[in-house]
Amino acid sequence: MLGFKKKSQNGITQAETAAAREAAEAEPVQPKKSLPQKKGAPTPRRKDQEAARRRPLVHNDRKAAREAQKKAMAEQRAKMRQAMETGEEKYLPVRDRGPQKRWVRDYVDARFGIGEWLLIIMLVFLFASFMMPLEVRGMVTYFMFLLMIAVFVELFWVGRKVRKGLAAKYGPENVEKGVRFYGAMRALQMRRLRLPKPLVKRGEFPG
């Protein structure tokens, strides 16, 4: 019929087909998304990825940390050994710190006692007993028994004097616990082997 454009076999006019072709050519071609390349390693799990994200940016060198810790501990021990010689309060062990412990040490170191000789006497008796007759060995054993009783009495007396002296200086309610045992155990040690080292001479009792 006149007045109508001729249609193609698909029912679409030639003008429409040409317009669609031009629009398709003008539209930019979108590149296809490339799939991630395989690297020969399995895909990390989600837990591993989260752990990796939580890691600090600076790598922790455990070996260097251990070396630094060992060095600090060695320096601390060296200062403690020096404090045992000089009596420096800052680096003394906790059991030896405080003015009351210092007073107890000075009191025990200033006195003469038989407790500090007990170990030497027992060692001499032990070696000499192999060469003693049986009768003499029995007498020496009896003497050693009396000596040990005397030492126990002395230690009790030292603990009592220590507590009494601290109560007079600091007040009965301010005396630290364990000072009697602390003084008794120091009186039982040889003077040269005591730690911290004695800082007073014989007879220089603290005030």
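Quick caveat, the model's predicted, so the values are computed rather than measured.

*Asks:* Is there a simple way to explain the overall build of the protein in this structure?
*Replies:* Helix and strand content of the protein: seven helices and zero strands. Relative to its full complement of 207 residues, the protein shows a buried share of 24%. Considering only contacts in the protein between residues 6 or more positions apart, those separated by 24 or more positions represent 67%. Carbon and sulfur atoms make up 61% of the accessible area of the protein, which amounts to about 17,100 Å² in all.

*Asks:* Explain the pattern of salt bridges to me, please; I cannot follow it from the model alone.
*Replies:* If the charged atoms of two oppositely charged side chains come close together, the side chains can form a pair. Evaluation of the coordinates by the stated rule reveals seven salt bridges. For Asp96, the salt bridge is made with Arg95, and the minimal N-O distance between the two is 3.2 Å. A relative accessible area of 0% means that Asp96 is categorised as buried. Residue Arg194 pairs with Asp109 through a salt bridge whose shortest N-O separation is 2.8 Å. Of this pair, Arg194 sits in the segment after α7 (179-187) while Asp109 sits in helix α4 (residues 99-110), placing them 85 residues apart in sequence. Judged by its relative accessible area of 1%, Arg194 falls in the buried class. Looking at Asp109, the relative accessible area reads 1%, which means it is buried.

*Asks:* Any chance you could explain the packing of helix α6 (residues 134-170) against α7 here in plain terms?
*Replies:* The packing of two helices is summarised by the inter-axis angle and the distance between the axes. Across the interface, α6 lies against α7 with an axial gap of 8 Å and an inter-helix angle of 130°. In terms of axis orientation, α6 runs oblique to α7. Like other packed secondary-structure pairs, α6 and α7 cross with a definite hand, here right-handed. Here Leu155, Phe156, Val158, Gly159, Arg160, Val162, Arg163 and Leu166 of α6 come into contact with α7, specifically with Val179, Arg180, Gly183, Ala184 and Ala187. Across the contact of α6 with α7, the residue classes tally to eight nonpolar, two polar and three charged.

*Asks:* Sorry, what's going on with the side chain of Asp96 here?
*Replies:* By the secondary structure assignment, Asp96 is in the loop between α3 (62-86) and α4. Separated by 3.2 Å, the side chains of Asp96 and Arg95 make a polar contact. A distance of 2.6 Å separates a polar atom in the side chain of Asp96 from a polar atom in the side chain of Tyr182. Here Asp96 is in contact with Met84, Lys101, Arg105, Tyr182 and Pro196, once residues within four sequence places are set aside.

*Asks:* Help me understand the packing of aromatic side chains, please; the structure alone is not making it clear to me.
*Replies:* Taken as a whole and assessed by the stated rule, the structure comprises two aromatic pairs. Ring geometry for Trp103 and Tyr107: centres 5.6 Å apart, planes at 5°, overall stacked. Taken together, the positions of Trp103 and Tyr107, both in helix α4 and four residues apart, correspond to about one turn of that helix. Each member of the pair, Trp103 as well as Tyr107, is classed as buried. Linked through ring pairs, Trp103, Tyr107 and Phe205 together constitute an aromatic cluster. Seen from the ring of Tyr170, Lys169 lies directly overhead, with NZ or CZ sitting 5.7 Å from the centre.

*Asks:* How should empty space enclosed by the protein be read in this particular structure?
*Replies:* Sizing a probe to match a water molecule and rolling it over the atoms shows the empty space that remains. Evaluated as defined, the whole model comprises one cavity of 30 Å³ or more. Put simply, the largest cavity is a space of about 40 Å³. Taken together, Gly87, Arg102, Arg105, Asp106, Asp109, Arg186, Pro196, Lys197, Pro198 and Leu199 make up the lining of the largest cavity. The element that contributes the greatest number of residues to the lining of the largest cavity is α4, accounting for four residues.

*Asks:* How should the packing of helix α5 (residues 118-128) against α6 be read in this particular structure?
*Replies:* As a packed pair, α5 and α6 sit with axes 11 Å apart at the nearest point and diverge in direction by 165°. Looking at the two axes, α5 sits roughly antiparallel to α6. When you trace α5 past α6, the crossing you get is left-handed. Listed contacts from α6 to Leu118, Ile121, Met122 and Phe125 of α5 are Arg137, Val140, Thr141, Met144, Leu147, Met148 and Val151. Of the residues assigned to the contact of α5 with α6, the class counts are nine nonpolar, one polar and one charged.

What counts as what
- Residues numbered from 1 in each chain as written.
- Predicted model: local features only at pLDDT ≥ 70, side-chain atom pairs only at ≥ 80, totals over all residues.
- Heavy atoms only, no water.
- Helix = DSSP H or I, 4+ residues; strand = E, 2+ residues; numbered from the N terminus.
- Buried < 20%, exposed > 50% of the residue type's maximum accessible area, 1.4 Å probe, protein only.
- Contact = heavy atoms within 4.5 Å.
- Areas by Shrake-Rupley, 256 points an atom, 1.4 Å probe, with all protein chains shown as cover.
- Salt bridge = Lys/Arg side-chain N within 4 Å of Asp/Glu carboxyl O.
- Axes fitted to C-alpha atoms, helices over the stretch in contact; angles between N-to-C directions.
- Parallel < 35°, antiparallel > 145°, perpendicular 65-115°, else oblique.
- Left-handed = near helix turned anticlockwise from the far one by under 90°.
- Nonpolar A, V, L, I, M, F, W, Y, C, P; charged D, E, K, R; others polar.
- Polar contact = N/O pair within 3.5 Å; in protein donor to acceptor, adjacent residues only side chain to side chain.
- Phe/Tyr/Trp six-rings, centres within 6.5 Å; stacked < 30°, edge-to-face > 60°.
- Lys NZ or Arg CZ within 6 Å of the ring centre and 35° of its normal.
- 1 Å grid on protein atoms, 1.4 Å probe; cavity = no way out; pocket = protein on both sides within 12 Å on 5 of 7 lines; lining within 4 Å.
- Points joined across faces, edges and corners; volume = space filled by probe spheres on them.

Honestly, it's all geometry; don't read function into it.
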